[in-house]
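Examining the three-dimensional arrangement
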Number of protein chains: 2
Amino acid sequence: MNKPLNIALAGLGTVGVGVIQLLHENEDIITKRAGRPIRITSVSARDRNKDRGVDLSNYRWVDDMSAMAGADDIDIVVELVGGSDGPALSLARSALSAGKSLVTANKAMVAHHGFELAQLGEGNECTLKYEAAVAGAIPIIKGLRDGAAGNRIDRVYGILNGTCNYILSAMESDSSDFADVLSAAQARGYAEADPSFDIDGVDAAHKLAILASLCFGTKINFEAVETYGIRGLMAPDIRQAAVLGYNIRLLGLAEVDNDKQALFQRVQPYLVKRDHPLANVIGPTNAVVAEGNYSGRLLFQGAGAGDKPTASAVVADIIDLARGDKGAVFGMPCEQLREIIVAQSGDRIGKSYIRIMVADKPGVLAEIAAVMRDANVSIESLIQQDAGQKDGEALIAMVTHNGPESAITQTIETLSNSDNMVDDPMVMHILGD
Amino acid sequence: MNKPLNIALAGLGTVGVGVIQLLHENEDIITKRAGRPIRITSVSARDRNKDRGVDLSNYRWVDDMSAMAGADDIDIVVELVGGSDGPALSLARSALSAGKSLVTANKAMVAHHGFELAQLGEGNECTLKYEAAVAGAIPIIKGLRDGAAGNRIDRVYGILNGTCNYILSAMESDSSDFADVLSAAQARGYAEADPSFDIDGVDAAHKLAILASLCFGTKINFEAVETYGIRGLMAPDIRQAAVLGYNIRLLGLAEVDNDKQALFQRVQPYLVKRDHPLANVIGPTNAVVAEGNYSGRLLFQGAGAGDKPTASAVVADIIDLARGDKGAVFGMPCEQLREIIVAQSGDRIGKSYIRIMVADKPGVLAEIAAVMRDANVSIESLIQQDAGQKDGEALIAMVTHNGPESAITQTIETLSNSDNMVDDPMVMHILGD
């Protein structure tokens, strides 16, 4: 038998424990597939005495996490600590500097520091693996880096946050309001006590920035992701979208314009036509679509989070390393990754959904129509109805024809100044073909 | 720049030409991702003089295909000739014997000779790559071999033949009969002039046998695939299934029973619940579901055939080889692949759909009901109606409760001997959770 791959495992939360369990439960098949035994040598976490339900007595406990990588009996480091900076980043830097490849599930760290870490790996003949950082169990990183490697990909998009998708599909099936579904999701463990990273779109934005770099061969640029969450969504939005033939999904969408050498990245609730595969993805599931110029549309779908699915992705990376794969982190050497400009979203052409809450009195619709005419926005469909709002208020929901987003922005700015608006307008875009 | 990877390309049909075009059109990005230039050195095909719409003048023409691999300026061979034996197999053997890795889109050859070829590769420090042999552009081989490598997978199933899926979804949307849709599909190029490999399930069976080996770590066993096609389907079957909440899809399904060490593989039209992702896959699309014990259900979907999608998969394999990946062909070394028994399909428990055409006269339903009672088959729902059949004939369609398939087989055998049957009964199984 070949010599074992020795692992230092940092972070013993649910995913870390899942990795220990998976390596144990599937040891036989993993050894065959990896071509050698995979052995955890040392572990580290904040609290040594916590009962985690797994036996840690065979592993060396290391108090100083960032010192783990230095040990001679360590081949690779698995970082499941989390957080974009702090101990996770220190450990990543020390491991890669020491020539030890790093496996991580840490989307925030990769989104913020992935390029630096990739360079560090390249310089030290090791690599950074992050399958588990995007879309849980779905092998989307390998699917794009290896499976779609021959393609120019100009667009990638998907459902990247299971919590939001759980909430949106529950709002759909129960006709409930956002706040009620969120409380239920928290009670069932589908949403964190502080859910802001999920519901404000930040988690999806981390993942989108990673996917964009990998698909387009661009330097990762998390700061440029336009990020909107789902807090502002109301039950009537879901209903109106349904009447018009759409389901609402929080999507991350990135596109590259090769003529302008410009990168567009946005996380936002989108209206998705009901016959699109993403419209029918329900619960805490993730799904990613990549459009290659030869492959056509590829769809990858699966569990987006959870200890076992995430452990599955972490172990896949470990097996890659055991097999000797040290391929380029973002699909090509760092020096080949392009730095391109950020696209002007106002230039984007598409259909938009606009929902406005107005005072229910004569002339309001005329005012709105005039504002839209002046901004050159033409309306494809409009519904005004009492949707259970307070007395004296009405809800107007409309879908525009194709047009530049800048015209929508202008419309919203003008309308926001009107005395007849009783709440901020809500704009969502419609996923184009 | 690193030294180029030199390719011999055998077979210049639509896929071969697609590979030439893809390598040219995406040369820049492919070179970056592969880490080195990829260069076609020599080509071979039956007819040298045919106009294929691409310039072949830069490549050395080789008349004797099986001699291609011997040239010193060849690193790998790409086989796009087709056919399970004959020139394709000769070429594959000569390439792998010479230590040149082989990339192929040839599902028939891999299904019949994959194990032998994998051994040959192992013995000569090269490998066999066959991403394009299963599910077109979808990176299902890499997704399972690498992405799901940490999982024990006990079930894999999917839509593996685009022609059949095109026909079935057209029958669904147009309420047409099989024969009419087949003619239309042939006219549009979605079905071959001789469509039997597709519509009789053989093509899907090739792919299923490959997937089963990869997922379960078993020796490939194409002969053991129970194979049924879609010729017998009638428009009323589609309608009755729809009434009961199902769409009909030709699925390949393989399961391993680890207690009995038994392998089940079947290609057959299945009834798929309308809320299952596979039920909504329409047109010539493929989709594969693999269920891992940690990943949960993974779904991969995309274009199942065509020159560009298939070229995308071929080139992904070429890039793998350019990067130095020589991993195990079926996910683990050949000596680790198990040879296990073939499962008895009669022991399988599930629901079945049975359609019978009977003489429309008193007592027939009572006869059927008695036969089913005697075989201990209990009926969940039954529809008897005049579905546009000939005078004096009636169609009875039913779905059974869960039960062993052997009871269904017994029922069908008994009924087939009845004078009241005017056609062979049609049995399809229902995809379980």
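What counts as what
Residues numbered from 1 in each chain as written. Chains lettered and ligands numbered in written order. Predicted model: local features only at pLDDT ≥ 70, side-chain atom pairs only at ≥ 80, totals over all residues. Heavy atoms only, no water. Domains from an automatic or database assignment. Buried area = accessible area lost by both parts, 1.4 Å probe. Salt bridge = Lys/Arg side-chain N within 4 Å of Asp/Glu carboxyl O. Polar contact = N/O pair within 3.5 Å; in protein donor to acceptor, adjacent residues only side chain to side chain. Helix = DSSP H or I, 4+ residues; strand = E, 2+ residues; numbered from the N terminus. Phe/Tyr/Trp six-rings, centres within 6.5 Å; stacked < 30°, edge-to-face > 60°. Buried < 20%, exposed > 50% of the residue type's maximum accessible area, 1.4 Å probe, protein only. Lys NZ or Arg CZ within 6 Å of the ring centre and 35° of its normal. Pairing = 2+ DSSP bridges. Contact = heavy atoms within 4.5 Å. Patch = residues over 30% accessible without salt bridge, like charges linked within 9 Å, V, L, I, M, F, W, Y side chains within 5 Å. Areas by Shrake-Rupley, 256 points an atom, 1.4 Å probe, with all protein chains shown as cover. Axes fitted to C-alpha atoms, helices over the stretch in contact; angles between N-to-C directions.

1. Comments concerning the domain arrangement of chain A
Residues and elements named next belong to chain A.
- What the domain assignment lists for chain A is domain 1 (5-133), domain 2 (140-304) and domain 3 (346-430).
- On a C-alpha basis, the centres of domain 1 and domain 2 stand 28 Å from each other.
- Across the domain 1/domain 2 interface, buried area totals approximately 1100 Å², and carbon plus sulfur atoms make up 64% of it.
- On the domain 1 side of the interface with domain 2, the three residues burying the most area are Ala111, Tyr130 and Glu131, jointly 46% of the side's total.
- For Asp203, the salt bridge goes to Lys107, with nearest N and O atoms at 4.0 Å.
- One can count 3 residue pairs in polar contact (both at pLDDT 80 or more) joining domain 1 with domain 2.
- Sorting elements by how many residues they give to the side of domain 1 that touches domain 2 places helix α4 (residues 107-123) first, with 6 residues.

2. Overview of the packing of aromatic side chains
- Evaluation of the coordinates by the stated rule reveals 5 aromatic pairs over all chains.
- Measuring from centroid to centroid gives 4.4 Å for Tyr166 of chain A and Tyr190 of chain A, while their planes differ by 40 degrees, and the two rings are tilted. One end of the pair, Tyr166 of chain A, is in helix α6 (residues 162-174); the other, Tyr190 of chain A, is in the loop between α7 (178-187) and α8 (196-199), with 24 residues separating them in the sequence.
- Measuring from ring centre to ring centre gives 6.1 Å for Phe300 of chain A and Phe300 of chain B, while their planes differ by 75 degrees; the resulting arrangement is edge-to-face. You can see Phe300 of chain A sitting in strand β12 (residues 296-303) and its partner Phe300 of chain B sitting in strand β12 (residues 296-303), one on each of two chains.
- What makes Phe300 of chain B buried here is its relative accessible area of 1%.
- The positively charged end of Arg348 of chain A is found above the aromatic ring belonging to Phe264 of chain A, 3.7 Å away from the centroid.

3. Points about the sheet that holds strand β4 (residues 76-79) of chain A
Residues and elements named next belong to chain A.
- Pairing in this open sheet of 6 strands is parallel, and the strands run β3-β2-β1-β4-β5-β6 from one edge to the other. Each end of this open sheet is capped by a strand with a single partner; those strands are β3 (60-61) and β6 (128-129).
- Relative to β4, strand β1 (residues 5-10) runs parallel, the two sharing 4 bridges. What sits directly across from Ile7, in β4, is Ile76.

4. What about the side chain of Asn286 of chain B?
Residues and elements named next belong to chain B.
- If you trace the backbone, Asn286 turns up in strand β11 (residues 285-292).
- The exposure class assigned to Asn286 is buried, which follows from its relative accessible area of 0%.
- What Asn286 contacts, discounting residues up to four positions off in sequence, is Ala135, Ile138, Ile159, Leu160, Asn161, Gly162, Lys207, Phe300, Gln301, Gly302 and Gly304.

5. With respect to a nonpolar patch on the surface
- Side chains of Leu365, Ile379 and Leu382 of chain A sit close together on the surface and give an oily, nonpolar patch of about 200 Å² of accessible area.
- For Ile379 of chain A, the position within the fold is in strand β16 (residues 379-385).

6. Side note on the sheet that holds strand β6 (residues 128-129) of chain B
Residues and elements named next belong to chain B.
- Strand order across the open sheet formed by 6 strands is β3-β2-β1-β4-β5-β6, with parallel pairing between neighbours. Among the strands making up the open sheet, the edge pair consists of β3 (60-61) and β6.
- When strand β2 (residues 38-44) meets β3, the two strands line up parallel, connected through 2 bridges. Its bridge partner lying in β3, Val43 is registered against Trp61.
- Strands in contact with helix α4 (residues 107-123) are β4 (76-79), β5 (101-104) and β6; relative to β5, the strand with the most contacts, it is inclined by about 165 degrees.

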